[in-house]
Amino acid sequence: MDDAAVIAALRARDERVFAELMRMYNASLLRVALIYVATRAVAEDVVQETWIGVLNGIDRFEGRSSLKTWIFRILTNIAKTRGQREGRTVPFSALERPGAVPEAAVDADRFLSPDHERWPGHWASKPEPWPEERLLAREARSVVERAIEELPPAQRAVISLRDIEGWSSEETRNALGVSETNQRVLLHRARSKVRQALEDYFVEAR
Amino acid sequence: MSTSIEQLSCQELVELVTDYLEGALPGAERASFEHHIEGCRGCHEYVRQMRQTIELTGSLTAADISPAAEAVLLAAFRDWNKNA
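Remember, predicted model here, so these are calculated numbers, not experimental data.

Colleague: Just checking my understanding: could you explain the overall build of chain A for this structure?
Modeller: Helix and strand counts for chain A come out as 10 helices and zero strands. Listing each helix as α and each strand as β along chain A from the N terminus yields α-α-α-α-α-α-α-α-α-α. Going through the 206 residues of chain A one by one, you find that 40% of them count as buried. Residue pairs at least 24 apart in sequence account for 66% of intrachain contacts in chain A once pairs closer than 6 positions are excluded.

This is the structure we're talking about:
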């Protein structure tokens, strides 16, 4: 179903289409809300308010952005207001200046020192291939899930939208209202940490 | 080890992997990145692991809406429908 069809169906008060839309976006909305508010309960509230905002606004929606982007903008506005009311200002910097605090993809001690005379910055202990059959096991997926859960909210939201939901970088950028570069920094950090978690798991189990 | 591998250290390369995979590296950097991973076993494996990580993450199922939340929202929908 394309946007125009979904919008028409919502305007016609088609409950099935509304339910389908919720199934598609609810989990992602929740993850994005958690960037701005502290608890899951508040985030769930925010998402609920968002859906009501969608219903109330759909008749006036002009289609200047995609429906998806519009829904996430409603969410972001509500979540920001709630976050501010809770006195949370720190999380915004996670979106606006994710590079402000340096974070290495791989621990510095995995590399030779930058002033090593022959191999500056070269691997001191290089990554070893992962066992193919263990990569396919369910346990490996749980390792990934846990690693994603432990990420800071902005990184978690980006990796979830990009790599679990399969959104494009443009869709993700629009939904979160972040620049292309910042989206990539967040994605990079998130993926790097998940890779590290997998490596730790495979090395430990060896 | 060739000169361009020396230009880009392994420690620097791991920070460029996402830019590389996203197609965001400018031509010259891209060439030096590719040249490096062709000649460096560690970095070649690292990039492969990043791809495997992305693939594995992609195999997770997107979380669904809880039945309770869905019920609440459908009730809101019916309310809205009545008043609209």
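So much for the structure itself; the text now carries on.
Colleague: What's the story with the overall build of chain B in this structure? I'm lost.
Modeller: Secondary structure summary: chain B contains six helices and zero strands in total. Order of helices (α) and strands (β) in chain B, N terminus to C terminus: α-α-α-α-α-α. Buried positions account for 29% of the 84 residues belonging to chain B. For chain B, contacts bridging at least 24 residues in sequence account for 64% of all contacts bridging at least 6.

Colleague: What's the story with the interface of chain A and chain B in this structure? I'm lost.
Modeller: Much of the literature gives interface size as the accessible area that the parts lose upon coming together. Listed as interface residues are 44 residues of chain A and, on the opposing side, 38 residues of chain B. A total of eight residues in the side of chain A that touches chain B trace back to one element, the largest contributor, which is helix H10 (residues 180–205) of chain A. Split into classes, the residues belonging to the side of chain A that touches chain B amount to 23 nonpolar, seven polar and 14 charged.

Colleague: Is there a simple way to think about the confidence of the model for chain B in this case?
Modeller: It should be kept in mind that the predicted coordinates are not to be read in detail where pLDDT is low. Residue and element names in this part refer to chain B. The pLDDT averaged across chain B works out to 87; a share of 87% of its residues lies at or above 70. In the predicted structure, residues 1–6 sits below a pLDDT of 50 and forms 10 contacts with residues beyond four places in sequence or in another chain. The ipTM, which scores confidence in the relative placement of chains, is 0.86 for this predicted complex, and the corresponding pTM is 0.87.

Colleague: What's the story with the packing of helix H2 (residues 15–36) of chain A against helix H8 (residues 153–164) of chain A in this structure? I'm lost.
Modeller: Helices that pack against each other are described as a pair by the angle of their axes relative to one another and the distance between those axes. Residues and elements named next belong to chain A. Closest axis-to-axis distance for the H2/H8 pair is 8 Å, and the angle between their directions is 155°. Taken together, the axes of H2 and H8 are roughly antiparallel relative to one another. When the axes of H2 and H8 are compared, the crossing they make is left-handed. Across from Ser28, Arg31, Val32, Leu34 and Ile35 in H2, the residues of H8 making contact are Pro153, Ala154, Arg156, Ala157, Ser160 and Leu161. A breakdown of the residues in the contact of H2 with H8 according to their chemical character gives seven nonpolar, two polar and two charged.

Colleague: Can you walk me through the environment of Arg64 of chain A in this structure?
Modeller: With respect to the element layout, Arg64 of chain A can be found in the loop between helix H3 (40–57) and helix H4 (67–85). Spatially, the C-alpha atom of Arg64 of chain A lies 47 Å from that of Arg134 of chain A, the residues being 70 residues apart in sequence.

Colleague: Could you clarify how one ought to interpret the environment of Met50 of chain B in this entry?
Modeller: Here Met50 of chain B shows up in helix H5 (residues 41–58). Separated by 20 residues in the primary sequence, Met50 of chain B and Arg30 of chain B have C-alpha atoms spaced 17 Å apart. Sequence-distant contacts of Met50 of chain B, defined by excluding residues within four places in its chain, comprise Arg191 and Arg195 of chain A together with Val17 and Leu21 of chain B.

Colleague: What's the story with the nonpolar core in this structure? I'm lost.
Modeller: Across soluble globular proteins, nonpolar side chains show a tendency to be buried alongside one another. Among the nonpolar cores identified, the biggest contains 53 residues, and Val32, Ala33 and Leu75 of chain A are the most heavily contacted of them. Among the elements that make up this core, the one with the highest residue count is H2 of chain A (12 residues). Lining this core are residues from two domains, each supplying at least three of them: domain 1 (3–88) and domain 2 (93–205) of chain A. Leave out the neighbours within four places in its chain, and Val32 of chain A touches Phe72, Leu75, Ala157, Ala175 and Leu176 of chain A. In terms of nonpolar packing, the next biggest core, distinct from the first, is built from 16 residues, Val106 of chain A together with Leu16, Ile37 and Cys40 of chain B among them.

Colleague: Please explain the confidence of the model for chain A as it appears in this structure.
Modeller: Model confidence for chain A is summarised by a mean pLDDT of 91, while 96% of its residues fall at 70 or above. Summarising per-element confidence for chain A, the mean pLDDT is lowest in helix H5 (residues 90–96) of chain A (66) and highest in H10 of chain A (95).

Colleague: Explain H5 of chain B here, please?
Modeller: For the α-helix, the turn length of 3.6 residues means that residues three or four positions removed from each other point alike. Taking 1.5 Å of rise per residue, the 18 residues of H5 of chain B would be expected to cover 26 Å, and the 26 Å separating its terminal C-alpha atoms lies within 8% of that figure. Taken together, the buried positions of H5 of chain B are Gly42, Cys43, Tyr46, Val47, Gln49, Met50, Thr53, Leu56 and Thr57 of chain B.

Colleague: Would you mind going over the domain arrangement of chain A with me for this structure?
Modeller: All names here are of chain A. Taken domain by domain, chain A comprises domain 1 (3–88) and domain 2 (93–205). At the level of secondary structure, the elements contributing two or more residues to the side of domain 1 that touches domain 2 comprise H2 and H4. Here the element with the most residues in the side of domain 1 that touches domain 2 is H2; it accounts for five residues.

Colleague: Help me understand the environment of Arg85 of chain A, please; the structure alone is not making it clear to me.
Modeller: Residue and element names in this part refer to chain A. Structurally, the position occupied by Arg85 is in helix H4. Note on Arg85: 10 C-beta atoms within 10 Å, which makes it exposed. Taking the C-alpha atoms as reference points, Arg85 and Val37, 48 residues apart in sequence, are found 9.5 Å from one another.

Basis of the calculations
- Residues numbered from 1 in each chain as written.
- Chains lettered and ligands numbered in written order.
- Predicted model: local features only at pLDDT ≥ 70, side-chain atom pairs only at ≥ 80, totals over all residues.
- Helix = DSSP H or I, 4+ residues; strand = E, 2+ residues; numbered from the N terminus.
- Buried ≥ 20, exposed ≤ 12 C-beta atoms within 10 Å, placed from the backbone.
- Contact = placed C-beta atoms within 7 Å.
- Nonpolar A, V, L, I, M, F, W, Y, C, P; charged D, E, K, R; others polar.
- pLDDT = per-residue confidence, 0-100.
- Axes fitted to C-alpha atoms, helices over the stretch in contact; angles between N-to-C directions.
- Parallel < 35°, antiparallel > 145°, perpendicular 65-115°, else oblique.
- Left-handed = near helix turned anticlockwise from the far one by under 90°.
- Core = buried A, V, L, I, M, F, W, Y, C linked by C-beta atoms within 7 Å.
- Domains from an automatic or database assignment.
- Expected span 1.5 Å × (residues − 1).

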